[in-house]
Amino acid sequence: MRSVVVGTAGHIDHGKSALIRALTGTDPDRLKEEQARGITIDLGFAHLAIGDVQIGFVDVPGHERFVRNMLAGAGGIDAVMLVVAANEAVKPQTREHFEICRLLGIPRGVVALTKTDIADSSMIESARAQIVEMVAGSFLQNAPVVPVSAVTGDGLEALRAALVALAGHGARLHRPGVVRLPIDRVFSIKGFGTVVTGTLVSGRLAAGDSLTVQPDGIAVRVRGVQVHGRTADAAEAPQRVAVNLTGVNATQLQRGMTLATPGSLSATPRSDVHLSLLNSSRPLPHGARVRVHCGTMDTFARLSVGATRKAPHHDWTVAYPGDVQVEVPAGGEAFARLRFESPVVVTRGDRLILRAVSPVATIGGARVLDPLPASGGVRRESMAGRYRLLDAADTGPIVDWLIADASVRGLDAASLVRRAGLTPEQARGELDARVTAGRAVSAGGRIFSRTLVDDLRAHAEAEIRKFHDAQPEEPGIPRETLRSRTGRRVGAEMFDAIVASLAAAGTIKGVDRVALATHTPRDTAGAGVRDRFESRFREGGLTPPDVALVASELGLSEADAQRMVRGLGQDGRLLRLGDLVFHRDPLATLRASVARLREGQPPSARITLDVAAFKTQHGLSRKFAIPLLEWLDRERVTRRVGDVRIVL
Ligand SMILES: Nc1nc2c(ncn2[C@@H]2O[C@H](COP(=O)(O)OP(=O)(O)OP(=O)(O)O)[C@@H](O)[C@H]2O)c(=O)[nH]1
Ligand SMILES: [Mg+2]
């Protein structure tokens, strides 16, 4: 089966809806008000099956006041049927709708030169000439122009054949693996619940799928799918579909929202774009407020102009900060940032339509280059290069740039799907290829640029060296200190990966304290002082000397002595208990001797130790006895119960 979604386009009253009715038997004007007034106000839908071809029609209003609705319909179509009444030829909305289709990047279409029953051959030829002139050089340049009448049925066969030829090219916005359905209608049906309809522009939708509704991020489940009024197992882009959803109330949804694969599209407050203005537009100044249409939604945005050029293929002129006079010339182009007044759901490559706020008119279009740029200024020379890179069709350099841009945050495949407009498969492929080639590093499920990781490694190594220079007696830099000095925004996984790779390369050693492999703590006070310092505490046993006393004996400054205590403490040789410093050897002996009190006793025996007994037994004053007993408690050798201690 081949399918295509065709949208009508053309001036009011030129016979768009009449042609849809003549082709399909369905009146697309479903609203009472439309039937009463004889005009189309909102989108209408119909379908036609010819052989193995399924054509879904989106009929749009021609009235200039309803261009907003026209845009909601045109956003998702794959081909256009431009309808021109032979007796009136090209009129303002013929032109506007044609320009909109061109700016949306719609690749193909047919022109229906209708109402031939009330036009003579010279009128028909004149209308044809105007059409040929308008579409020259555009996507419709070689499109068939089919004379037809909805009243007599003349030419309908030829029109059907031309429409069939539009099918089978796939959906314009299709990205395999990514479901995308801009919602155009929402209603609830008794016994079914919430139903949304729209043009499935990408992916495959089936009952049971878990999706999100953007920009609100509402988690929903597909309960059922209908295609052209019939229940289907699945729908595949491009198709008009109705989707029965659970997990959401119809009142939470509205036209403009998008049903999508979770994580596949950005709901974004700003995007960087390549903007093109129509020749008919007035120049658009920096800071202008414009109306932006995207899919079935629209909002307002402020424009920041980064660079401009007079026309395609001219040179870019970068706008510098302070240059408030800059404007995009009529028929010109710009690299620009749009700051949306409400979040827009887009990915790279999406087309937006821009309309002036007043007087309301289509002024141009924009192609999304980066749906989610970091906030900040757009008028820097570096930005111009970035825009140019993003503007190129080649994804390779863009992926490289996004990895570099992600910096210490790293990039994952899901963000690449959202930001680069890739399919999930392409995104994983791009990242894996870079890791395999050694151009990127994977840590904690994210990808980092090789250059960044090399820089961070070198930086960490330099920090360790700096620490050794400043504190040569220390065995190494505490891991947390190193982490904070490696870079404020470096995450735990990234830091661990850096340390691990330095260790694997044999450059560093240590876990809690990290040192260069070549480092040995230096005895700053002279050879042997450190040993003598340690010996004094070992010899002091359970009644060690004051640090100040040992310092003066050995001719050390107070600060040097404290540093030595710290260094030996980190090695586990000395232990601070309150104000006192003990050596680990006498403490180990004490621990063993207390534990021995249990020896030869039944397990149920309660063996106690009081302060007085402890003091006499070890010949200690209170000054030493109390901190030692508290240490034994902490070490779970004893437990204090009231005034006595129980040997555990
Ligand atoms: N004689 C003649 N009249 C036609 C033909 N097609 C449409 N009409 C008439 O033209 C008028 C407008 O037709 P519609 O189909 O509603 O036009 P439309 O383009 O859908 O109009 P909007 O949706 O409001 O933009 C109606 O009165 C139709 O009966 C045709 O082929 N021949
Ligand atoms: Mg109509």
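Structure first, text after, so check above.
Residues numbered from 1 in each chain as written. Chains lettered and ligands numbered in written order. Predicted model: local features only at pLDDT ≥ 70, side-chain atom pairs only at ≥ 80, totals over all residues. Heavy atoms only, no water.

Asker: So what's going on with the sheet that holds strand 27 (residues 477–478)? Residues and values would help.
Answerer: Ordered in space as 27-29-28, the three strands form an open sheet in which the pairing is antiparallel. Each having just a single partner strand, strand 27 and strand 28 (508–509) make up the two edges of the open sheet. As defined by bridge partners, strand 27 adjoins strand 29 (residues 513–516) across two bridges and the pair is classed as antiparallel. The residue bridging P478 from the neighbouring strand is R513, located in strand 29. (Pairing = 2+ DSSP bridges. Helix = DSSP H or I, 4+ residues; strand = E, 2+ residues; numbered from the N terminus.)

Asker: Tell me about the environment of I12, residues and numbers included.
Answerer: Inspection of the secondary structure assignment puts I12 in the loop between strand 1 (2–9) and helix 1 (16–24). Look at I12 and you get partly exposed, because its relative accessible area is 24%. Taking C-alpha positions, I12 is 7.7 Å from I39, a pair spaced 27 residues apart along the chain. Setting aside residues no more than four positions away along its own chain, I12 makes contact with I39, G62 and H63. (Buried < 20%, exposed > 50% of the residue type's maximum accessible area, 1.4 Å probe, protein only. Contact = heavy atoms within 4.5 Å.)

Asker: Describe the site of ligand 1, and please don't skip the residues or the numbers.
Answerer: Neighbouring ligand 1 are 20 residues, the closest being A18, T40, G62, D117 and A150. At a separation of 2.8 Å, an oxygen atom of ligand 1 approaches a polar backbone atom of S17. Within the contact set of ligand 1, an oxygen atom lies 2.7 Å away from a backbone nitrogen or oxygen of A18. When the free accessible area of ligand 1 is taken as 650 Å², the share hidden by the protein chains comes to 79%. (Near = heavy atom within 4 Å. Polar contact = N/O pair within 3.5 Å; in protein donor to acceptor, adjacent residues only side chain to side chain. Areas by Shrake-Rupley, 256 points an atom, 1.4 Å probe, with all protein chains shown as cover.)

Asker: Give a description of the packing of helix 11 (residues 450–470) against helix 13 (residues 492–504) that names residues and reports values.
Answerer: Running from amino to carboxyl end, helix 11 crosses helix 13 at an angle of 70°, the nearest separation of the two axes being 10 Å. In terms of their interaxial angle, helix 11 and helix 13 are classed as roughly perpendicular. The two elements helix 11 and helix 13 meet at a crossing, and its hand is right-handed. Judged by residue contacts, L452, V453, L456, R457, A460 and E461 of helix 11 engage M494, I498, S501 and L502 from helix 13. When the residues that make up the contact of helix 11 with helix 13 are grouped by side-chain class, the tally is seven nonpolar, one polar and two charged. (Axes fitted to C-alpha atoms, helices over the stretch in contact; angles between N-to-C directions. Parallel < 35°, antiparallel > 145°, perpendicular 65-115°, else oblique. Left-handed = near helix turned anticlockwise from the far one by under 90°. Nonpolar A, V, L, I, M, F, W, Y, C, P; charged D, E, K, R; others polar.)

Asker: Outline the sheet that holds strand 34 (residues 644–647), listing residues and values.
Answerer: Taken in spatial order, the three strands of this open sheet run 32-34-33, and their pairing is antiparallel. Pairing within the sheet leaves two strands with one partner each, and these edge strands are strand 32 (608–610) and strand 33 (638–641). Across the sheet, the axes of successive neighbouring strands diverge by a mean angle of 35°, strand direction being ignored. Taken together, the three bridges between strand 32 and strand 34 define a ladder with antiparallel strand orientation. Of the residues in strand 34, the one forming a bridge with T608 is I646.

Asker: Give me the environment of E236: which residues, what numbers.
Answerer: Following the sequence through the fold, E236 ends up in strand 13 (residues 234–236). The spacing of E236 and D216 is 20 residues in sequence and 24 Å in space, taken between C-alpha atoms. Among all residues touching E236, those that are not within four sequence positions of it are L200, G203 and R204.

Asker: Explain the coordination of the magnesium ion (ligand 2) residue by residue, including any values.
Answerer: Summarising the metal site, the magnesium ion (ligand 2) is bound by the protein donors S17 (OG) and T40 (OG1), whose distances to it range over 1.9 to 2.0 Å. Linking S17 in helix 1 with T40 in the loop between helix 2 (32–37) and strand 2 (44–50), this pair joins segments that are 23 residues apart in sequence. In terms of burial, S17 and T40 fall into one category: buried. (Donors = N, O, S within 2.8 Å, 3.2 Å for Na, K, Ca; no water.)

Asker: Break down the nonpolar core for me, citing the residues and quoting the values.
Answerer: With 37 residues, the main nonpolar core has L113, I131 and L140 as its most contacted residues. At the level of elements, strand 1, helix 3 (67–74), strand 4 (79–85), helix 4 (92–104), strand 5 (108–114) and helix 5 (121–135) are the ones that each hand at least two residues to this core. Setting aside residues no more than four positions away along its own chain, L140 makes contact with V80, L82, F98, R108, G109, V110, V111 and V135. Grouped together as the second largest cluster of nonpolar side chains are 27 residues, L284, A301, L303 and V368 included. (Core = buried A, V, L, I, M, F, W, Y, C linked by side-chain atoms within 4.5 Å.)

Asker: Explain the pairing of strand 18 (residues 289–294) to me, and be specific about the residues and the numbers.
Answerer: Successive side chains on a regular strand alternate, one facing one side of the sheet and the next facing the other. As defined by bridge partners, strand 18 adjoins strand 19 (residues 297–309) across six bridges and the pair is classed as antiparallel. Of the residues in strand 19, the one forming a bridge with R289 is R302. A loop of two residues connects strand 18 with strand 19, the two strands running antiparallel in sequence, and G295 in this loop sits at a positive phi of about 60°. Pairing analysis gives four bridges linking strand 18 to strand 23 (residues 351–356), with the strands arranged antiparallel. The residue bridging H293 from the neighbouring strand is I353, located in strand 23.

Asker: Tell me what's going on with the layout of surface pockets, and back it up with residues and numbers.
Answerer: It is the rolling of a water-molecule-sized probe over the atoms that shows where space remains empty. Roughly 1,000 Å³ of internal volume is contained in the largest pocket. Taken together, 43 residues make up the lining of the largest pocket; nearest its centre are L103, L277, L278, N279 and I363. Across the lining of the largest pocket, the residue classes tally to 20 nonpolar, 13 polar and 10 charged. (1 Å grid on protein atoms, 1.4 Å probe; cavity = no way out; pocket = protein on both sides within 12 Å on 5 of 7 lines; lining within 4 Å. Points joined across faces, edges and corners; volume = space filled by probe spheres on them.)

Asker: Break down unusual backbone geometry for me, citing the residues and quoting the values.
Answerer: Following Q214, the chain continues into P215 via a peptide bond in cis, with omega recorded as 5°. Locating P215 in the fold gives a position in the loop between strand 10 (210–214) and strand 11 (218–227). With a phi angle near 70°, D13 is a residue other than glycine that sits in the positive phi range. As for its position among the elements, D13 is in the loop between strand 1 and helix 1.

Asker: How would you sum up the packing of aromatic side chains? Please name residues and give values.
Answerer: In this structure the tally under the stated criterion is four aromatic pairs. With a centroid separation of 5.2 Å and 5° between ring planes, the pair formed by F335 and Y387 is classed as stacked. Within this pair, whereas F335 is found in strand 22 (residues 333–346), its partner Y387 is found in helix 7 (residues 381–391), the two being separated by 52 residues in sequence. For Y387, a relative accessible area of 1% corresponds to the buried category. Centroid distance F533 to F537: 5.4 Å. Interplanar angle 50°. Geometry classified as tilted. Within this pair, F533 and its partner F537 are both found in helix 14 (residues 529–540), separated by four residues, close to a single helical turn. F537 carries the same exposure label as F533, and that label is buried. Here a set of aromatic residues connected by ring pairs shows up, and it is made of W316, F335 and Y387. (Phe/Tyr/Trp six-rings, centres within 6.5 Å; stacked < 30°, edge-to-face > 60°.)

Asker: Before we move on, can you summarise the side chain of T212 with the specific residues and values?
Answerer: In this fold, T212 is placed in strand 10. With residues near it in sequence (within four places) discarded, T212 still touches G217, I218, A219, V220, T258, L259, A260, T261 and P262.

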